[in-house]
Amino acid sequence: MKSAVETLNPTRVRLTVEVPFEELKDSLDAAYSKINQQVTVKGFRKGKIPARVIDQRFGRGAVLEEAVNDALPKFYTEAVNEAELSPLGQPDVDITELKDGETLNFTAEVDVRPALEIPDYSGIEVEVDAIEVTDEDIEKSVEQLRERFASTAPVERAAEDGDVVTIDLEAKVDGEVLEDGIASGVSYTIGSGELLDGIDEAVKGLSAGEEATFTSELKGGSAAGKEAEVSVKVTQVAKRELPELDDEFAQLASEFDTLDELRADSRKRLANMKEFDQATQAQERVLEKLLELLEVPVPEKLLEDEVNTRKHNLEHHQLGQMGLTLDKYLEIQGKTAEEFDTETREAAVKGIKTQFVLDELVKKEQLNVNQEELTEHLMRRAASSGMSPDQFAQAVVEGGQVPLLVGEVARGKALAVVVEAATVKDTNGEIVDLGDEDEETEATEAEAAEETTEA
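Residues numbered from 1 in each chain as written. Predicted model: local features only at pLDDT ≥ 70, side-chain atom pairs only at ≥ 80, totals over all residues. Heavy atoms only, no water.

Digging into the pairing of strand β11 (residues 423-426)
By the alternation rule, side chains of β11 split into Val 424 and Asp 426, which are all buried, and Thr 423 and Lys 425, of which none is buried. As defined by bridge partners, strand β5 (residues 125-128) adjoins β11 across four bridges and the pair is classed as parallel. Bridge pairing links Val 128 to Asp 426 in β11. (Buried < 20%, exposed > 50% of the residue type's maximum accessible area, 1.4 Å probe, protein only. Helix = DSSP H or I, 4+ residues; strand = E, 2+ residues; numbered from the N terminus. Pairing = 2+ DSSP bridges.)

A closer look at the domain arrangement of the chain
Split into domains, the chain comes out as domain 1 (2-111), domain 2 (151-241) and domain 3 (279-447). Measuring from the centre of the C-alpha atoms in domain 1 to the corresponding centre in domain 3 gives 40 Å. Facing four residues of domain 1, the contacting portion of domain 3 comprises six residues. Considering only the surface of domain 1 that becomes buried against domain 3, Thr 11, Leu 88 and Asp 111 emerge as the three largest contributors, covering 86% of it. Our count for the domain 1 to domain 3 interface comes out at zero salt bridges. Viewed at the interface, domain 3 and domain 1 are joined by zero residue pairs in polar contact (both at pLDDT 80 or more). (Domains from an automatic or database assignment. Contact = heavy atoms within 4.5 Å. Buried area = accessible area lost by both parts, 1.4 Å probe. Salt bridge = Lys/Arg side-chain N within 4 Å of Asp/Glu carboxyl O. Polar contact = N/O pair within 3.5 Å; in protein donor to acceptor, adjacent residues only side chain to side chain.)

Let's talk about the packing of helix α10 (residues 337-364) against helix α13 (residues 402-421)
Relative to each other, α10 and α13 sit at 80°, their axes nearing to 8 Å. The orientation of α10 relative to α13 falls into the category roughly perpendicular. Residue-level inspection shows Gln 355, Leu 358, Asp 359, Leu 361 and Val 362 of α10 in contact with α13, the latter providing Ala 410, Arg 411, Ala 414, Leu 415 and Val 418. When grouped by side-chain class, the residues that make up the contact of α10 with α13 number seven nonpolar, one polar and two charged. (Axes fitted to C-alpha atoms, helices over the stretch in contact; angles between N-to-C directions. Parallel < 35°, antiparallel > 145°, perpendicular 65-115°, else oblique. Nonpolar A, V, L, I, M, F, W, Y, C, P; charged D, E, K, R; others polar.)

Some points on the environment of Ala 183
Locating Ala 183 in the fold gives a position in strand β8 (residues 176-189). Exposure remark for Ala 183: the relative accessible area of 27% places this residue in the partly exposed category. The spacing of Ala 183 and Leu 206 is 23 residues in sequence and 18 Å in space, taken between C-alpha atoms. Residues contacting Ala 183, with those up to four places away along its chain left out, are Ile 167, Asp 168 and Leu 169.

A few points about the UniProt feature "domain: PPIase FKBP-type" (unreviewed entry) in the chain
Taking the numbering used here, the UniProt-annotated feature "domain: PPIase FKBP-type" (unreviewed entry) corresponds to residues 162-215. In the segment residues 162-215, helix accounts for 9% and strand for 54%; the C-alpha atoms at its two ends are 22 Å apart. (UniProt positions renumbered as here; feature names shortened; annotations may be inferred.)

What about unusual backbone geometry?
Comment: phi is negative for the bulk of residues other than glycine, and the bulk of peptide bonds are trans. Although it is not a glycine, Glu 84 sits at a positive phi angle of roughly 55°. Note on placement: Glu 84 falls in the loop between α3 (60-83) and β3 (87-99). One non-glycine residue, Asp 174, adopts positive backbone phi at about 55°.

A closer look at the packing of helix α1 (residues 25-38) against helix α2 (residues 51-58)
Closest axis-to-axis distance for the α1/α2 pair is 11 Å, and the angle between their directions is 70°. By the angle between their directions, the pair α1 and α2 is classed as roughly perpendicular. Where α1 crosses over α2, the two elements pack in a sense that is left-handed. On α2, the residues that touch Tyr 32, Ile 35 and Asn 36 of α1 are Ala 51, Ile 54 and Asp 55. (Left-handed = near helix turned anticlockwise from the far one by under 90°.)

A word on a negative patch on the surface
Taken together, the side chains of Glu 22, Glu 23, Glu 78 and Glu 82 present a region of like negative charge at the surface. Tracing the backbone shows Glu 82 in helix α3. You can call Glu 82 exposed: its relative accessible area is 51%. (Patch = residues over 30% accessible without salt bridge, like charges linked within 9 Å, V, L, I, M, F, W, Y side chains within 5 Å. Areas by Shrake-Rupley, 256 points an atom, 1.4 Å probe, with all protein chains shown as cover. Lys, Arg positive; Asp, Glu negative; His and termini not counted. Charge placed at Lys NZ, Arg CZ, Asp CG, Glu CD.)

Points about helix α9 (residues 326-333)
Of all the residues in α9, the buried ones are Leu 326, Tyr 329 and Leu 330. Buried residues of α9, seen end-on, are gathered within an arc of 100° and therefore sit on one face of the element. Relative to its buried face, α9 has exposed residues pointing more than 90 degrees away, namely Asp 327, Glu 331 and Ile 332. Contacts from the buried residues of α9 go to α8 (300-322) and α10. Among the residues trailing α9, Gly 334 stands out with phi positive, at a value near 70°. (Arc of directions from axis to C-beta.)

Some details on the pattern of salt bridges
Per the stated rule, a full pass over the model turns up 32 salt bridges. As a salt-bridge pair, Asp 100 and Arg 60 come within 2.8 Å of each other at their nearest N and O atoms. Here Asp 100 is found in the loop between β3 and β4 (103-112), whereas its partner Arg 60 is found in helix α3, with 40 residues between them in sequence. Where Glu 304 meets Arg 345, a salt bridge forms, and the shortest distance between an N and an O atom there is 2.7 Å. In this pair, Glu 304 sits in helix α8 while Arg 345 sits in helix α10, placing the two residues 41 residues apart along the sequence. Within this structure, Glu 6, Arg 12, Arg 14, Asp 92, Glu 109 and Asp 111 form a network of salt bridges that share partners.

As for the sheet that holds β3
In spatial order, the strands read β1-β2-β4-β3; together these four strands make up an open sheet with antiparallel pairing. Two strands in the sheet have a free side with no partner beyond their single neighbour: β1 (2-9) and β3. Averaged over all pairs of adjacent strands, the angle between their axes in this sheet comes to 20°, without regard to strand direction. Sheet analysis places β3 next to β4, joined by nine bridges and oriented antiparallel. Each residue of the ladder has a partner; that of Val 93, found in β4, is Ala 108.

Now the structure itself:
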């Protein structure tokens with residue numbers, strides 16, 4: 001077999017392959033064997049029909065077609081390996097010549113990873129938010145904890161903002177009560193925005209035993225997205241009562257004995273969260289700077305496939321679970337379809353470029369992934385997916401996804417190399433040292449790489 005490569009553009013090549021006919025022998029034998037098992041000829045046992053009889057009865061052309069279909073993948077793979085190409089997707093194959101007993105010639109056009117020369121990235125400089133925990137931040141955190149330990153007490157008055165009301169609901173569409181449109185004993189905090197649009201205005205001012213009717217678009221159920229007439233009856237009004245902010249509250253809500261100790265712990269936790277956010281911000285901005293340093297061509301077909309995949313996942317998985325259509329989602333986001341398409345395409349371009357660049361860095365820096373790193377990443381992915389580690393691991397193995405996880409970890413390590421070489425300053429002009437990140441923060445490199453490399 002002889003092969004040659006022609007570069008059509010930075011991300012697409014044409015392979016020209018010439019195969020001497022004798023190299024088709026194994027595939028021809030396999031073709032005859034396959035046809036033997038599929039046909040019957042009077043006077044011959046099944047599977048024992050001579051090749052000359054098959055040629056006479058069914059035509060040599062049918063045998064050649066079967067043999068070529070069997071041989072093409074093998075010769076294509078040999079040509080790809082010989083040229084040291086990294087193909088993306090399936091090739092477009094064209095048989096240019098097939099002479100029985102002489103030769104098989106074909107071409108294969110395929111998208112490939114572009115050749116990239118990683119520039120010196122040690123001069124990258126980025127600015128991130130400074131870590132500042134204010135007294136206001138601490139009080140807000142303590143107040144949120146206080147809200148979690150609030151109690152309720154029934155009151156004999158009209159409902160107000162912040163009250164917890166117990167309500168019965170009935171929804172009608174076109175005058176008909178929906179089968180799944182009746183609910184009793186629902187607990188709702190006025191102002192939380194957790195139920196239907198318009199319900200706050202409807203129940204405010206109502207006392208126990210009083211009713212109101214309002215119109216709202218249903219968010220879920222059998223009539224999701226339709227306008228419904230909703231009747232709401234208040235059966236109880238309760239006032240939320242917050243515990244006193246004192247040492248007794250600290251002992252109730254935490255492992256600490258005093259309120260001062262609780263506030264000190266809140267300061268520490270908030271600082272850790274801001275450090276995590278700062279590290280994530282640094283990684284994102286360093287990655288953006290890195291991508292600006294070099295031109296990365298993107299194969300058009302790969303881009304279109306990625307855009308379609310992102311749209312499909314959003315529309316049929318994420319929005320489907322929320323009971324939303326794409327049109328309703330765009331309405332909530334305040335975006336036009338054109339704006340959505342543009343944003344999706346830009347995100348896909350960035351994801352593909354990121355994967356190309358980080359994969360090239362993995363090769364350049366000769367980064368490897370050990371079993372411990374892969375296991376840690378698998379554990380994090382399992383947690384984010386809501387599956388147990390064993391379940392997730394089984395799904396990954398059965399789906400042949402192990403190489404993808406290895407790639408995610410390797411790209412995360414490549415991004416960490418660039419971040420370590422970059423100069424990171426906060427908004428106060430202070431140098432930020434990301435070298436002493438804890439285990440959770442280190443995981444963000446793999447996560448940041450993963451989020452932008454789903455191509």
